[in-house]
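Coordinate inspection notes
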Amino acid sequence: MIDRFINKVFHEDALMLLQALPTASVDAVITDPMYGTGRKVEYDWGPDPAGGDPAKHWFYHEPMYQECRRVLKAGCAVAWAQSPKFHNYFSVWFGGHRLWTLTRYRQRGRNATGHVWIVQTREQKPVEFPHRDSLISFETIFSSAAPDAMTLREHNLHPCVKPVEEMAFMIDVLTKHGQIVLDCFCGLGSTLLAAEQLGRRWIGCDLSKQYCQRAMKRLADFGARKRNENTSGRHRTEEEQGKPPAP
Ligand SMILES: C[S@@+](CC[C@H](N)C(=O)[O-])C[C@H]1O[C@@H](n2cnc3c(N)ncnc32)[C@H](O)[C@@H]1O
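Below or above, wherever it landed, is the structure these notes cover. (Residues numbered from 1 in each chain as written. Predicted model: local features only at pLDDT ≥ 70, side-chain atom pairs only at ≥ 80, totals over all residues.)

**Section: the overall build of the protein**
Helix and strand counts for the protein come out as 7 helices and 12 strands. Taking all 247 residues of the protein together, 36% fall into the buried category. (Helix = DSSP H or I, 4+ residues; strand = E, 2+ residues; numbered from the N terminus. Buried ≥ 20, exposed ≤ 12 C-beta atoms within 10 Å, placed from the backbone.)

Laid out in structure tokens, this is it:
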């Protein structure tokens, strides 16, 4: 039943997608919903409906959060990004949880920034921060050396793209190879790309058609690059062995 959702990006309201997923079917929800804290944050489909009001923010998101818990397997983790501005409400909204902060920095800038992650099990038990460093270079998102470099124009499609490195950190510590990661607010698909790079299965969803298309393009580009690397690797090996390359 879950198989038909795997490795697909759904242009859909997250609540609709979640309600279609079977209970206890995914291994982790790692998702970055709207923060709700800014008065004038615009997505391509319209403004963030919370407009800075915590009550409106939670009225919008709570049904989706509860559905995320329903679709998780027992003991598995939900990681839900938030702006720290609403931290006074976190215990009421989420129950038991641990706050994880990954610091993002730009090499040439003076500021380091970061949003917090609410991390807990399906049963609302806190998940402890792993014993490892958590500094994420935001620069690589534009670097020609990065596996998924974006142009500034592409980056400006979306008000708050997450670096693939940040999502890879979360996926690496919360899941194992082959497991299913759900991001029901996937934006331009950074979580899905990180999941693909780390050999996880994934399910993505966003309200914006344009963001879904861009996410699919990033995934397709990554797949094409990987196939090219595999092909040139195979040829090198065959040449090293003195055999002609396969046709
Ligand atoms: C903070 S952004 C996610 C950014 C993403 N992590 C990335 O790296 O591109 C939140 C996303 O939630 C999406 N969104 C808001 N309401 C939604 C809903 N009801 N269903 C699905 N997506 C929704 C927005 O379109 C936006 O792309």
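**Here we look at the packing of helix 5 (residues 164-174) against helix 6 (residues 190-197)**
At a minimum axis distance of 8 Å, the contact between helix 5 and helix 6 shows a crossing angle of 60°. When the interaxial angle is binned, helix 5 and helix 6 end up oblique. The handedness of the crossing between helix 5 and helix 6 comes out as right-handed. Contacts from Val164, Met167, Ala168 and Ile171 in helix 5 reach Ser190, Thr191, Leu193, Ala194, Ala195 and Gln197 in helix 6. (Axes fitted to C-alpha atoms, helices over the stretch in contact; angles between N-to-C directions. Parallel < 35°, antiparallel > 145°, perpendicular 65-115°, else oblique. Left-handed = near helix turned anticlockwise from the far one by under 90°. Contact = placed C-beta atoms within 7 Å.)

**Brief notes about the site of the ligand**
Looking at the ligand, there are 19 residues lining it, with Ala14, Asp32, Phe185, Gly187 and Ser190 nearest. Its residues assigned to classes, the shell around the ligand shows 11 nonpolar, 4 polar and 4 charged. (Near = placed C-beta within 6 Å. Nonpolar A, V, L, I, M, F, W, Y, C, P; charged D, E, K, R; others polar.)

**Structural notes on the nonpolar core**
Judged by nonpolar contacts, the single largest core of 52 residues is most densely connected at Ile30, Cys68 and Ala79. Per-element accounting of this core gives the leading share, 7 residues, to strand 5 (residues 72-82). Ignoring any residue separated from it by four or fewer positions in sequence, one finds cysteine 68 in contact with Leu18, Val29, Val78 and Cys184. (Core = buried A, V, L, I, M, F, W, Y, C linked by C-beta atoms within 7 Å.)

**A word on the environment of arginine 214**
Looking at where arginine 214 falls in the secondary structure, it is placed in helix 7 (residues 209-240). By the C-beta count within 10 Å, which is 21 here, arginine 214 ends up buried. Considered as a pair, arginine 214 and glycine 189 are 25 residues apart in the sequence and their alpha carbons are 7.6 Å apart. Sequence-distant contacts of arginine 214, that is, excluding residues within four places in its chain, are made with Leu157, Leu188 and Gly189.

**Comments concerning helix 6**
Along helix 6, 7 of the 8 residues are buried, which leaves the element largely enclosed by surrounding structure. Phi for glycine 199, located one or two positions after helix 6, is positive at around 75°.

**Remarks on the environment of leucine 188**
Structurally, the position occupied by leucine 188 is in the loop between strand 11 (180-183) and helix 6. Along the backbone, leucine 188 and cysteine 205 are 17 residues apart, and their C-alpha atoms lie at a distance of 10.0 Å. Residues in contact with leucine 188, not counting those within four places in the same chain, are Leu157, His158, Val161, Tyr211, Arg214, Ala215 and Arg218.

**What to know about the sheet that holds strand 6 (residues 98-101)**
Taking strand neighbours across the sheet as the criterion, the 7 strands line up as 1-12-11-2-5-9-6 in an open arrangement whose pairing is mixed. On the outer flanks of this sheet lie strand 1 (8-11) and strand 6, each paired with one strand and no other. Mean inter-strand twist for the sheet, computed between neighbouring axes without regard to direction, equals 20°. When strand 2 (residues 26-31) meets strand 5, the two strands line up parallel, connected through 5 bridges. Looking across to strand 5, one finds that threonine 31 is bridged to tryptophan 80. (Pairing = 2+ DSSP bridges.)

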